[in-house]
Amino acid sequence: MKTILLTGAKGMFGQDAVKIFSKRGYKVIPVDIEDFNITDEVSVTNYFKDLECDFVIHAAAFTNVDLAETEREKAFLINEKGAENLAKITAEKNIPIVYISTDYVFDGGKDSAYLPDDKTNPQSVYGESKLAGELAVKKYNSKHFITRTSWLYGKNGKNFVDTMINLSKTQSVLKVVDDQKGCPTWTYDLAEGILNIIENKNPYGIYHVCGSNFITWYGFAKKIFELKNINIEILPVTTKEFPRPAKRPRNSVMENNNLCRTWEESLQKYLENTATF
Ligand SMILES: NC(=O)c1ccc[n+]([C@@H]2O[C@H](COP(=O)([O-])OP(=O)(O)OC[C@H]3O[C@@H](n4cnc5c(N)ncnc54)[C@H](OP(=O)(O)O)[C@@H]3O)[C@@H](O)[C@H]2O)c1
């Protein structure tokens, strides 16, 4: 039985991933901040001292995109230094590392889907810090998989799908941004996609693990309400009309080389709540 150590195990992705990896026959070592702080090199080294595992999947991160704009140092400490510490210790122990990254490493100016080797140019502190994490992982552990995902949702965290459904309980009209497009991704598909990459003996490198096809936030909201039979008026608005502290890419669409099914199929499954994991 192969063993996966998963950081960020109490997060939105982590909680689902623990179940999915276990169901797929892995022994999972779930770790979060109370096991060790990824920014503390000594704690990281001590934790790994007598530890044996086949893969480390590094999902722990500072994920509050807007807060990162005013907490730059903390975002870099967790997303860059944390990744560096894990990359160094895994390299020392000859363990491959999977680092979960983001579409926010791109500036959104491309007219077609982003390929893994496309030029990065983050527009937010969060994007910069996650890119710095990618570079640290590349630098310190040659056995790396960098898996970029986008527009992530899952039942154990704050996410767009649940936010829309909750808002519909108190509002009769919702304004949703219609000039940003991307690939919604269910935590389940991210976990499956990562396992497929490592099990199929893919070469080390960068992969895009996100839902196939793309949509705008407005289109995504429309589909959520349609599938849930919720009657609500939604109005398409521009990013300018809906300012946020951190700049978001206009185009977040990533080419996933068929690593995941379509976002529509996944959304339907998520909303049916029939997933048995
Ligand atoms: N959510 C998205 O839309 C999205 C999109 C693209 C990529 N990603 C990436 O996907 C991964 C998973 O995202 P998620 O939404 O599941 O994140 P999440 O729910 O915020 O979970 C992150 C986990 O990391 C833990 N953590 C934070 N700082 C830590 C530290 N210093 N040491 C140890 N653990 C620490 C957090 O603990 P606390 O809660 O106690 O801080 C939390 O349990 C992240 O790498 C994220 O950057 C997410």
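Higher on the page you've got the structure.
Since this is a predicted model, take the numbers as computed values, not measurements.

### Observations concerning the overall build of the protein chain
Right, on to step 1. Across its full length, the protein chain carries nine helices and twelve strands.
Right, on to step 2. By the compact-globule yardstick of 19 Å for 277 residues, the protein chain fits well, its C-alpha radius of gyration being 18 Å.
Right, on to step 3. Counting only C-alpha atoms and orienting by the principal axes, one finds that the protein chain spans roughly 55 × 40 × 35 Å.
Right, on to step 4. Residues classed as buried in the protein chain amount to 45% of the 277 residues present.
Right, on to step 5. Pairs at least 24 residues apart make up 82% of the contacts formed inside the protein chain by residues separated by at least 6 positions.

### Re the pairing of strand β2 (residues 27-31)
Where a strand is regular, its side chains alternate between the two sheet faces.
Right, on to step 1. Alignment of strand β1 (residues 3-7) against β2, held across five bridges, turns out to be parallel. Bridge pairing in β2 links Leu-6 to Pro-30.
Right, on to step 2. Once the chain exits β1 it traverses helix α1 (residues 12-23) before rejoining the sheet at β2, and the crossover so formed is right-handed.

### Some words on the site of the ligand
Right, on to step 1. Within the structure, the ligand sits among 26 residues, and Gly-8, Gly-11, Phe-13, Ala-61 and Leu-152 are positioned closest to it.
Right, on to step 2. When residues of the shell around the ligand are traced back to their parent elements, those giving at least two are α1, α4 (72-92) and β4 (97-102).
Right, on to step 3. Of the residues forming the shell around the ligand, the biggest block, three residues, is contributed by α1.

### Points about the environment of Lys-158
Right, on to step 1. Turning to its location among the elements, Lys-158 is positioned in the loop between β6 (152-153) and α6 (160-167).
Right, on to step 2. Assessed through the 10 C-beta atoms surrounding it within 10 Å, Lys-158 is described here as exposed.
Right, on to step 3. With 146 residues separating them along the chain, Lys-158 and Met-12 place their C-alpha atoms 7.7 Å apart.

### Some words on the sheet that holds β4
Right, on to step 1. The six strands lie next to each other as β2-β1-β3-β4-β5-β10, forming an open sheet whose pairing is parallel. Each edge of the open sheet is held by one strand with a lone partner, namely β2 and β10 (205-208). Averaged over all pairs of adjacent strands, the angle between strand axes in this sheet comes to 20°, irrespective of strand direction.
Right, on to step 2. Examined bridge by bridge, strand β5 (residues 144-149) and β10 share four bridges and lie parallel to one another. Residue pairing in the sheet places Arg-148 in a bridge with His-208 of β10.

### Comments concerning the packing of α4 against helix α5 (residues 125-140)
Right, on to step 1. The geometry of α4 relative to α5 is characterised by a closest axis approach of 8 Å and an angle of 15° between their N-to-C directions. Accordingly, the angle class assigned to the pair α4 and α5 is roughly parallel. Here α4 runs over α5; the crossing is right-handed. On α5, the residues that touch Arg-72, Ala-75, Phe-76, Asn-79, Glu-80, Ala-83, Glu-84, Ala-87, Lys-88 and Ala-91 of α4 are Val-125, Tyr-126, Ser-129, Lys-130, Ala-132, Gly-133, Ala-136, Val-137 and Tyr-140.

### Overview of the pairing of β4
Right, on to step 1. The element β4 is largely enclosed, with a buried count of six among its six residues.
Right, on to step 2. When strand β3 (residues 55-58) meets β4, the two strands line up parallel, connected through three bridges. Its bridge partner lying in β4, His-58 is registered against Tyr-99.
Right, on to step 3. Judged from the six bridges that link them, β4 and β5 form a sheet pairing that is parallel. From the neighbouring strand, Ile-97 faces β5, where its bridge partner is His-144.
Right, on to step 4. In this region the chain leaves β4, passes through α5 and returns to the parallel neighbour β5; the handedness of that crossover is right-handed.

### Some points on the packing of α6 against helix α8 (residues 217-227)
Right, on to step 1. Their axes nearest at 10 Å, the elements α6 and α8 cross at an angle of 60°. When you trace α6 past α8, the crossing you get is right-handed. Facing α6, whose interface residues are Phe-160, Val-161, Met-164 and Ile-165, α8 presents Phe-220, Ala-221 and Ile-224.
Right, on to step 2. Looking at side-chain class alone, the contact of α6 with α8 contains seven nonpolar, no polar and no charged residues.

### Notes on the environment of Asn-141
Right, on to step 1. Turning to its location among the elements, Asn-141 is positioned in the loop between α5 and β5.
Right, on to step 2. Separated by ten residues in sequence, Asn-141 and Leu-131 have C-alpha atoms that sit 15 Å apart.
Right, on to step 3. Here Asn-141 is in contact with Ala-87, Thr-90, Ala-91 and Ile-97, once residues within four sequence places are set aside.

### Some points on the environment of Arg-261
Right, on to step 1. Structurally, the position occupied by Arg-261 is in the loop between β12 (233-237) and α9 (263-272).
Right, on to step 2. Each C-alpha atom of the pair Arg-261 and Cys-210 lies 8.6 Å from the other, and the pair is 51 residues apart in sequence.

Rules used in this analysis
- Residues numbered from 1 in each chain as written.
- Predicted model: local features only at pLDDT ≥ 70, side-chain atom pairs only at ≥ 80, totals over all residues.
- Helix = DSSP H or I, 4+ residues; strand = E, 2+ residues; numbered from the N terminus.
- Rg over C-alpha atoms; globule rule 2.2 N^0.38 Å.
- Buried ≥ 20, exposed ≤ 12 C-beta atoms within 10 Å, placed from the backbone.
- Contact = placed C-beta atoms within 7 Å.
- Pairing = 2+ DSSP bridges.
- Right-handed = clockwise from strand over helix to strand, strands pointing away.
- Near = placed C-beta within 6 Å.
- Axes fitted to C-alpha atoms, helices over the stretch in contact; angles between N-to-C directions.
- Parallel < 35°, antiparallel > 145°, perpendicular 65-115°, else oblique.
- Left-handed = near helix turned anticlockwise from the far one by under 90°.
- Nonpolar A, V, L, I, M, F, W, Y, C, P; charged D, E, K, R; others polar.

By themselves, these figures tell us nothing about what the structure is for.
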